[in-house]
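In case you want the letters, here they are:
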Amino acid sequence: MTGLDPAVSSVLAAKEAQTRTQIDFAVAKKGLDAIEQQGDAIVELIASAGRIGKEAGKGNSLDAFG
């Protein structure tokens, strides 16, 4: 930003930093949302396994042969 008034350069740099911060927060939120969805899926998988185990005739024997 050569040739600009120092005050203008300072304002532009602050605005750029603010924009980068907003982008960083948005990216972090998307990452957290994805992790939360994975956690919800794992909880549902565990709950499903529990329901299947309680069904009549399920889980009484183990077929160890391929």
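Summary of the structure given here.

### So, the overall build of the protein chain
Line of reasoning, step 1. Secondary structure summary: the protein chain contains one helix and zero strands in total.
Line of reasoning, step 2. When each of the 66 residues of the protein chain is scored for burial, the buried share is 2%.
Line of reasoning, step 3. With the model as given, the accessible surface of the protein chain reaches about 6100 Å², and the carbon-plus-sulfur share is 63%.

### Digging into the environment of D5
Line of reasoning, step 1. Mapped onto the secondary structure, D5 falls in the segment before α1 (6–54).
Line of reasoning, step 2. For D5, a relative accessible area of 44% translates into the label partly exposed.
Line of reasoning, step 3. At 2.9 Å, the side chain of D5 and the backbone nitrogen of A7 are in polar contact.

### With respect to the pattern of salt bridges
Line of reasoning, step 1. The full count for this structure, using the stated rule, is three salt bridges.
Line of reasoning, step 2. Where R20 meets E16, a salt bridge forms, and the shortest distance between an N and an O atom there is 2.6 Å. Here E16 and R20 lie together in helix α1, a separation of four residues that amounts to about one turn.
Line of reasoning, step 3. Taking the relative accessible area as the measure of exposure, R20 reaches 52% and is therefore exposed.
Line of reasoning, step 4. On the basis of relative accessibility, which here comes to 34%, the residue E16 falls in the partly exposed class.

### Re a nonpolar patch on the surface
Line of reasoning, step 1. A cluster of nonpolar side chains, namely L4, V8 and L12, defines an oily patch on the protein surface of about 230 Å² accessible area.
Line of reasoning, step 2. The residue L4 is located in the segment before α1 in this model.
Line of reasoning, step 3. Residue class for L4 comes out partly exposed when judged on its relative accessible area of 39%.

Basis of the calculations
Residues numbered from 1 in each chain as written. Predicted model: local features only at pLDDT ≥ 70, side-chain atom pairs only at ≥ 80, totals over all residues. Heavy atoms only, no water. Helix = DSSP H or I, 4+ residues; strand = E, 2+ residues; numbered from the N terminus. Buried < 20%, exposed > 50% of the residue type's maximum accessible area, 1.4 Å probe, protein only. Areas by Shrake-Rupley, 256 points an atom, 1.4 Å probe, with all protein chains shown as cover. Polar contact = N/O pair within 3.5 Å; in protein donor to acceptor, adjacent residues only side chain to side chain. Salt bridge = Lys/Arg side-chain N within 4 Å of Asp/Glu carboxyl O. Patch = residues over 30% accessible without salt bridge, like charges linked within 9 Å, V, L, I, M, F, W, Y side chains within 5 Å.

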